[in-house]
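Letter by letter, the chains look like this.
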Amino acid sequence: AESVAPEAQEVPENPLAAYKDVYVVSDILEDKIQPVTIELIGQARILADQLGERVQVMLLGEHVQNQAQELIYYGADIVHVFESQLLKDYTTDGYTKVLADYLLVHKPNVLLIGATNNGRDLAPRMSGRMQNGVVADCTILSVDTKEGLVEWTRPALGGNILAEIISPNHRPQMGSVRPNVFKKPELDTSRTGEVIVEPFELAETDIRTKRLNFIPFSLEGYNLEDAEIIVAGGRGMGNKENFDRLYELADALGGVVGATRPLVEKGWIDLKYQIGQTGKTISPKLYLAFGISGAIQHVSGIGGAETIIAINNDPEAQIFQYSNYGIVGDVMTVLEEMLAQAKGK
Ligand code: FAD
């Protein structure tokens, strides 16, 4: 039998080592970059700095090149621009083809997709193309610096636990990340980077769907996700009449009203104003929680709030654990007092 001298033996290279950098897929609506893209670039920057890697953005659309430089100011190192009239609207086929053609060759270490309606459609399709898993709907991202792996945290089992998930054996490490969970990074116009207009192949016949019309989700009412001040009520409000008085406080403070799920189920307020796991994820400057217990399914939607003030007559209520300030007392007594103060009486 032939023997091979030890020095001639090649150490097999780790195939995962070929995968580099943190990539963000842009989320575009009507040629406008959606806020989640900027939030993800901020997170990608933090992850990339810890991993010693770069942030690369995949920017797809019809007229988007003029927005590429801004993404560098927000923290990207390289922006790859893919422009075509066929990419004007999101389509599963068009986006998947362009992204997979590029990323199967260029091998990202980490791939972040916004968990918007489009992103929730795209992420599993990309996972199929990349022959890989995807961690859906993450709310916390961090790096295990010892292993060099991203730790993805997401609510699981009906929101009863927060699951930490790692992907040790496959690349790219892929996940979709909820909008409004992460703060938008600061714009730094002194940052420099590279904008590359990429050649690519995409034919009309690659796309099996056609957009006929675009109807925004709701033209009426207000958008909780954009609100800076939210006054929210829970079952502790007692009855609808009491609950409706929260609108007075919201008006006086220049804010809007939100609620927990039981109040939506009672029909006191529309589903689009429900906050939490099966409702909206919010990031106001101020969140006032009246008579809300602080169930995990509710608080998983309020982590982005800057200041949380909770009012509850139970000093042991869980909501106090998530609050910056807590008032132990009856909701209506505190509400009357706040109304008097806010109206300057
Ligand atoms: P309660 O838990 O009943 O709390 C009422 C609070 O008011 C108590 O803490 C009480 O001490 C206090 N209180 C009572 N009277 C007064 C008073 N006079 N003055 C002051 N305080 C008073 N919930 C959501 O909100 N959003 C979601 O998206 C959501 N998704 C869910 C998804 C799943 C799969 C499941 C299983 C549940 C979900 N829930 C969601 C429901 C969630 O588990 C809780 O049941 C809900 O958040 C509780 O709402 P609450 O805090 O209004 O009511």
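Overview of the structure. None of these values were measured; they are calculated from a predicted model. (Residues numbered from 1 in each chain as written. Predicted model: local features only at pLDDT ≥ 70, side-chain atom pairs only at ≥ 80, totals over all residues. Heavy atoms only, no water.)

This brings us to the sheet that holds strand E16 (residues 307-312). Two pairing modes exist for strands in a sheet, parallel and antiparallel, and in both the strands are linked by backbone hydrogen bonds. On the basis of which strands lie adjacent, the open sheet formed by 5 strands has the order E14-E13-E15-E16-E17 and parallel pairing. In this open sheet, the two edge strands, each paired with only one partner strand, are strand E14 (256-259) and strand E17 (325-328). This sheet shows a mean twist of 20° between the axes of neighbouring strands, independent of strand direction. In this structure, strand E15 (residues 286-290) lies alongside E16, joined through 5 bridges in parallel fashion. Residue pairing for E16: Phe-290 is matched across the bridge by Ile-311. Set on the sheet, helix H6 (residues 246-253) makes contact with strand E13 (229-233), E14 and E15; between it and E13 the angle comes to about 170°. (Pairing = 2+ DSSP bridges. Helix = DSSP H or I, 4+ residues; strand = E, 2+ residues; numbered from the N terminus. Axes fitted to C-alpha atoms, helices over the stretch in contact; angles between N-to-C directions. Contact = heavy atoms within 4.5 Å.)

By the secondary structure assignment, Arg-211 is in the loop between strand E12 (194-197) and E13. Sequence separation between Arg-211 and Tyr-90 is 121 residues, and the spatial gap between their C-alpha atoms is 8.9 Å. Filtering out sequence-adjacent residues up to four positions away, Arg-211 remains in contact with Glu-30 and Asp-89. Side chain to side chain, Arg-211 and Asp-89 meet in a polar contact 3.1 Å long. (Polar contact = N/O pair within 3.5 Å; in protein donor to acceptor, adjacent residues only side chain to side chain.)

The ligand sits among 24 residues. The nearest are Arg-235, Thr-260, Thr-278, Ser-293 and Asp-330. Contact between the ligand and Thr-278: a nitrogen atom at 2.6 Å from a side-chain N or O atom of the residue. Broken down by secondary-structure element, the contributors of at least two residues to the shell around the ligand are helix H7 (261-266) and helix H8 (296-299). In terms of residue class, the shell around the ligand is made up of 5 nonpolar, 15 polar and 4 charged. (Near = heavy atom within 4 Å. Nonpolar A, V, L, I, M, F, W, Y, C, P; charged D, E, K, R; others polar.)

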